[in-house]
Amino acid sequence: MTTPPRVRRNNANAGPVVLDDLSKQIIEQLQTDGRMPYAAIGKAVGLSEAAVRQRVQRLQDAGVMQIVAVTDPLTLGFPRQAMIGINCEGDLEAVADELAAIDEIDYVVLTAGSFDVIVEVVCEGDGHLLEILSKIRAIPAVRATESFVYLKLRKQTYSWGTR
């Protein structure tokens, strides 16, 4: 399994969105069941269906959440997954944008520590992984890569709530 579709966070400097208790409850309901009808959510949180629909739309418009189908790559013919640590020079934001443009890369994060950027890839096999690594290494600012091939997924969750 892999992360949900990429979310481009252009408002990273804007700070966190402040959520009221009702919005947090709606999010938690959707994290339990992303297909839950708005009427059922409304009943659980004490709002009308229309009010839930409006709040969900505002949360999506604000980039707080997405409602997506999370697939199992193995069942879809993508048996190879990996994290790739990347060392770069120059403008890391520009490198991250180039990496994000590669279709097979589904997660891009700037990091502190041993790597400047870490990406996640979902591949059709080892040959496909090698092709992706070649695309990454072709970016002029990329100095080195290190691949971490997934052997077995032990835990994956998106239910961290709203705290």
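Residues numbered from 1 in each chain as written. Predicted model: local features only at pLDDT ≥ 70, side-chain atom pairs only at ≥ 80, totals over all residues. Heavy atoms only, no water.

### Overview of the overall build of the protein chain
Of regular secondary structure, the protein chain possesses five helices and four strands. Each helix and strand of the protein chain, ordered N terminal to C terminal, gives the series α-α-α-β-α-β-β-α-β. Evaluated residue by residue, the protein chain yields a buried proportion of 29% over its 163 residues. Of the contacts formed within the protein chain by residues at least 6 apart in sequence, a portion of 69% connects residues at least 24 apart. (Helix = DSSP H or I, 4+ residues; strand = E, 2+ residues; numbered from the N terminus. Buried < 20%, exposed > 50% of the residue type's maximum accessible area, 1.4 Å probe, protein only. Contact = heavy atoms within 4.5 Å.)

### Brief notes about the pairing of strand 2 (residues 105-110)
Pairing analysis gives five bridges linking strand 2 to strand 3 (residues 117-123), with the strands arranged antiparallel. Across the sheet, the residue bridging to Leu-110 is Val-117, located in strand 3. Following strand 2, the chain reverses through six residues before pairing antiparallel with strand 3; Gly-113 in that reversal takes a positive phi of roughly 120 degrees. (Pairing = 2+ DSSP bridges.)

### Remarks on the nonpolar core
The biggest cluster of nonpolar side chains holds 19 residues, and the ones touching the most others in it are Ile-84, Ile-86, Leu-99, Val-119, Val-121 and Ile-136. The set of elements that each furnish at least two residues to this core consists of strand 1 (80-88), helix 4 (92-100), strand 3 and helix 5 (126-137). With residues up to four places along the chain from it excluded, the contact list for Ile-136 reads Ile-84, Ile-86, Leu-99, Ile-102, Ile-105, Val-119, Val-142 and Thr-145. Met-36, Val-52, Val-56 and Met-65 belong to the second largest nonpolar core, which has 10 residues in total. (Core = buried A, V, L, I, M, F, W, Y, C linked by side-chain atoms within 4.5 Å.)

### Considering the packing of helix 1 (residues 21-32) against helix 3 (residues 49-61)
In a pair of packed helices, the angle between the axes and the distance between the axes together describe the arrangement. At their nearest, the axes of helix 1 and helix 3 sit 11 Å apart, and the two run at 85 degrees to each other. By the angle between their axes, helix 1 is roughly perpendicular relative to helix 3. On the side of helix 1, the interface is formed by Leu-22, Ser-23, Ile-26, Ile-27 and Leu-30, while helix 3 contributes Val-52, Arg-55, Val-56 and Leu-59. Considering only residue class, the contact of helix 1 with helix 3 consists of seven nonpolar, one polar and one charged. (Axes fitted to C-alpha atoms, helices over the stretch in contact; angles between N-to-C directions. Parallel < 35°, antiparallel > 145°, perpendicular 65-115°, else oblique. Nonpolar A, V, L, I, M, F, W, Y, C, P; charged D, E, K, R; others polar.)

### So, helix 1
In a regular helix each residue adds 1.5 Å, so 12 residues correspond to 16 Å; helix 1 covers 17 Å between its end C-alpha atoms and thus fits that length. Contacts from the buried residues of helix 1 go to helix 2 (38-45) and helix 3. (Expected span 1.5 Å × (residues − 1).)

### Focus on helix 4
Among all positions in helix 4, only Val-95, Ala-96, Leu-99 and Ala-100 are buried. Around the axis of helix 4, the buried residues are gathered within 135 degrees of arc, so they sit on the same side. Check the buried side of helix 4 and you find it contacts strand 1, strand 2, strand 3, helix 5 and strand 4 (142-149). Capping of helix 4 at its N-terminal end is provided by Asp-91; its side-chain oxygen lies 3.1 Å from the backbone amide nitrogen of Glu-93. (Arc of directions from axis to C-beta. Polar contact = N/O pair within 3.5 Å; in protein donor to acceptor, adjacent residues only side chain to side chain.)

### Side note on the packing of aromatic side chains
What characterises a pair of aromatic rings is the spacing of the ring centres plus the angle enclosed by the ring planes. On inspection of all chains with the given rule, the structure shows one aromatic pair. Centroid distance Phe-115 to Phe-148: 6.0 Å. Interplanar angle 85 degrees. Geometry classified as edge-to-face. One end of the pair, Phe-115, is in the loop between strand 2 and strand 3; the other, Phe-148, is in strand 4, with 33 residues separating them in the sequence. (Phe/Tyr/Trp six-rings, centres within 6.5 Å; stacked < 30°, edge-to-face > 60°.)

### Some words on the sheet that holds strand 1
Spatially, 2-3-1-4 is the arrangement adopted by the four strands of the open sheet, whose pairing is antiparallel. The two strands at the open ends of the sheet, each matched to only one other strand, are strand 2 and strand 4. Averaged over all pairs of adjacent strands, the angle between their axes in this sheet comes to 20 degrees, without regard to strand direction. Bridge count between strand 1 and strand 4: seven bridges; the pairing is antiparallel. When the sheet's bridge partners are listed, Ile-84 is paired in strand 4 with Ser-147.

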